[in-house]
Amino acid sequence: MVSILVLHGPNLNLLGVREPGIYGSTTLDQINAELRRQAGSAGFELEVFQSNHEGELIDRIHQARGNNAGIIINAAALTHYSYSLRDAIAAVGLPTVEVHLTNIHAREEFRGKSVIAPVVAGQISGFGPLSYYLALQALVDMIRSASGHA
């Protein structure tokens, strides 16, 4: 079965309790369960990894090469300054979709800049958990297109 990697960056393990007025009340476990359900319905396997440590996320991106067909990533605050994460995504050459629960362009000025955006296929932000589900749909379509299977 074709596998997709979902990466969650720093502090996303606290979803549902961390600033619910901004990030909502849905937990990371709930998002992951729905992603797994949707991926399974589409005939894909899902691997999920969350870390508060930049190096662990980079290591997992490296491991995706040859093991996963694509990546969905919410790099959280690392989005705005992690050139190491950007370089890892570029190095593995897998189709990648960047996800954010909030509209990063409508928040503090520093959040509007994504250093990883230039190396991903697209960015989906501002739709809460739906951002992840839209990213999965887009990535599944990209993988199917690349493999010639509709």
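Definitions and cut-offs
Residues numbered from 1 in each chain as written. Predicted model: local features only at pLDDT ≥ 70, side-chain atom pairs only at ≥ 80, totals over all residues. Heavy atoms only, no water. Buried < 20%, exposed > 50% of the residue type's maximum accessible area, 1.4 Å probe, protein only. Helix = DSSP H or I, 4+ residues; strand = E, 2+ residues; numbered from the N terminus. Pairing = 2+ DSSP bridges. Right-handed = clockwise from strand over helix to strand, strands pointing away. Core = buried A, V, L, I, M, F, W, Y, C linked by side-chain atoms within 4.5 Å. Contact = heavy atoms within 4.5 Å.

**Q** Could you clarify how one ought to interpret the pairing of strand β3 (residues 70-74) in this entry?
**A** Successive side chains on a regular strand alternate, one facing one side of the sheet and the next facing the other. In terms of burial, β3 is largely enclosed, as 5 of its 5 residues are buried. Side-chain alternation along β3 places G70, I72 and N74 on one buried face and I71 and I73 on a second face that is also buried. When β3 meets strand β4 (residues 96-100), the two strands line up parallel, connected through 3 bridges. Looking across to β4, one finds that I73 is bridged to E98. For the handedness criterion, the β-α-β arrangement of β3, helix α4 (residues 83-92) and β4 is classed as right-handed.

**Q** What exactly am I supposed to notice about unusual backbone geometry here?
**A** Most peptide bonds take the trans form, and the phi angle of most residues other than glycine is negative. One non-glycine residue, N11, lies in positive phi territory at about 75 degrees. Inspection of the secondary structure puts N11 in the loop between β1 (2-8) and α1 (20-23). The partly exposed category is assigned to N11, whose relative accessible area is 34%. Notably, A76 is not glycine yet its phi reads approximately 55 degrees, a positive angle. When you line up the elements, A76 lands in the loop between β3 and α4.

**Q** I keep staring at the side chain of T96 and nothing clicks. Help me out?
**A** Mapped onto the secondary structure, T96 falls in strand β4. Owing to a relative accessible area of 1%, T96 belongs among the buried residues under this scheme.

**Q** Can you walk me through the nonpolar core in this structure?
**A** If you look at soluble globular proteins, the nonpolar side chains tend to sit buried side by side. If you look at the biggest cluster of nonpolar residues, it comprises 24 residues, and the most contacted ones within it are I4, L35, I72, Y132 and L136. Looking at this core, the elements with two or more residues in it are β1, α2 (28-41), β2 (44-50), β4 and α5 (130-147). Looking at this core, the element that brings in the most residues is α5, giving 7 residues. Excluding residues that lie within four positions of it along the chain, L136 makes contacts with I4, L35, Q38, A39, L46 and I72.

Function cannot be inferred from these measures alone, as they are strictly geometric.
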